[in-house]
Amino acid sequence: MSENKPLVGILMGSDNDYGVMAEAAKVLKQFGIPFEMIVSSAHRTPERTATYVSAARDNGIKVLIAGAGAAAHLAGVVAAETTLPVIAVPIDATSLQGLDALLAMVQMPAGIPVATMAIGPAGARNAGIFAAQILATDNIELATKLSNFKAEMAAGVIKKSDKVQEKLAADGLI
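Residues numbered from 1 in each chain as written. Predicted model: local features only at pLDDT ≥ 70, side-chain atom pairs only at ≥ 80, totals over all residues. Heavy atoms only, no water.

Going by the annotation in an unreviewed UniProt entry, the name recorded for the protein is N5-carboxyaminoimidazole ribonucleotide mutase, with Malonomonas rubra DSM 5091 given as the source organism. Recorded in UniProt under Function (unreviewed entry), the annotation for the protein is "Catalyzes the conversion of N5-carboxyaminoimidazole ribonucleotide (N5-CAIR) to 4-carboxy-5-aminoimidazole ribonucleotide (CAIR)." For the protein, the Sequence similarities (unreviewed entry) comment in UniProt is given as "Belongs to the AIR carboxylase family. Class I subfamily." (UniProt positions renumbered as here; feature names shortened; annotations may be inferred.)

Here's what the structure looks like:
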């Protein structure tokens, strides 16, 4: 993974989605996974989307992450154009607070699978982690990084629990 050729392609339906989708990029950078990010709309630039996705495998892309709000057809359109794994990130872009995007993404017809994450930044972070996990199936160095990441999260929880115990004792509650 030392080469700079992108392994993950991140698509977003609008530049307004950048704040959310940057969370996926941060995770990929943390794990040393090269990526690229583009704006491409399923509705406003369908040819651009199809062209990018159709060439993705030949360009070295192994996983695609698609973030969109509102009608949120981007992930489904992407999945229809490739056999690469597609991870969807619903974005809160309407008065329905992202539920419209979530439902559009999880209701793919049989034969067009899309792995759908949570709405918003947490979903984008998980999309980055899930992409790393997919890539780690044949990359022991990345698998080790993921194991260390999970161990660090667990240690953080234990540290927080210890602080709660200290606070309980200081407040005379135990």
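Asker: A description of the overall build of the protein should follow, citing residues and the corresponding values.
Answerer: Across its full length, the protein holds 6 helices and 5 strands. Counted from the first residue to the last, the protein has its helices and strands arranged as β-α-β-α-β-α-β-α-β-α-α. Across its three principal axes, the protein shows a C-alpha extent of roughly 65 × 45 × 30 Å. Looking at the 174 residues of the protein, the share that counts as buried comes to 41%. (Helix = DSSP H or I, 4+ residues; strand = E, 2+ residues; numbered from the N terminus. Buried < 20%, exposed > 50% of the residue type's maximum accessible area, 1.4 Å probe, protein only.)

Asker: Break down the pairing of strand β3 (residues 63-69) for me, citing the residues and quoting the values.
Answerer: For a regular strand, side chains alternate in direction, first toward one face of the sheet and then toward the other. Burial within β3 is extensive, with 7 of its 7 residues counted as buried. Because side chains alternate across β3, one face comprises the buried residues V63, I65, G67 and G69, and the other comprises L64, A66 and A68, equally buried. Of the strand pairs in this sheet, β3 and strand β4 (residues 86-91) are connected by 6 bridges, and their pairing is parallel. Residue pairing for β4: G69 is matched across the bridge by I91. Tracing the backbone out of β3, into helix α3 (residues 74-80) and back to the parallel element β4 gives a crossover that is right-handed. (Pairing = 2+ DSSP bridges. Right-handed = clockwise from strand over helix to strand, strands pointing away.)

Asker: Explain the domain arrangement of the protein to me, and be specific about the residues and the numbers.
Answerer: In terms of domains, the protein is made up of domain 1 (8-138) and domain 2 (140-173). In this assembly, 10 residues from domain 1 lie in contact with 7 residues from domain 2. It is F31, Q133 and A136 in domain 1 that bury the most area against domain 2; as a group they hold 61% of the surface buried on that side. With 4 residues, helix α5 (residues 121-135) is the single largest residue contributor to the side of domain 1 that touches domain 2. (Domains from an automatic or database assignment. Contact = heavy atoms within 4.5 Å. Buried area = accessible area lost by both parts, 1.4 Å probe.)

Asker: Tell me about unusual backbone geometry, and please be specific about residues and values.
Answerer: Phi at A70 is positive, roughly 60 degrees, even though this residue is not glycine. Note that A70 resides in the loop between β3 and α3. A residue is classified by how much of its surface remains accessible, and A70, at 30% relative accessible area, is partly exposed. One non-glycine residue, Q97, lies in the positive phi region at around 55 degrees. Position of Q97 among the secondary structure elements: in the loop between β4 and α4 (99-106). According to the relative accessible area criterion, Q97 is exposed, its value standing at 57%.

Asker: Please give an account of the nonpolar core that cites residues and values.
Answerer: Counting residues in each nonpolar core, the largest one holds 28 residues, and the members touching the most others are V8, I33 and I65. The set of elements that each furnish at least two residues to this core consists of β1 (8-12), α1 (18-30), β3, β4, α5 and α6 (140-170). Residues lining this core come from more than one domain, with at least three contributed by each of domain 1 (8-138) and domain 2 (140-173). One finds V53, L64, A66 and V114 within the second-largest nonpolar core, a separate group that totals 21 residues. (Core = buried A, V, L, I, M, F, W, Y, C linked by side-chain atoms within 4.5 Å.)

Asker: Which residues make up the layout of surface pockets, and what are the values?
Answerer: Considered as a void within the structure, the largest pocket measures approximately 220 Å³ in volume. Around the largest pocket, the lining is made up of 16 residues, and of these G13, R44, A68, G69 and A70 lie nearest the centre. For the lining of the largest pocket, a count of residues per class yields 7 nonpolar, 7 polar and 2 charged. (1 Å grid on protein atoms, 1.4 Å probe; cavity = no way out; pocket = protein on both sides within 12 Å on 5 of 7 lines; lining within 4 Å. Points joined across faces, edges and corners; volume = space filled by probe spheres on them. Nonpolar A, V, L, I, M, F, W, Y, C, P; charged D, E, K, R; others polar.)

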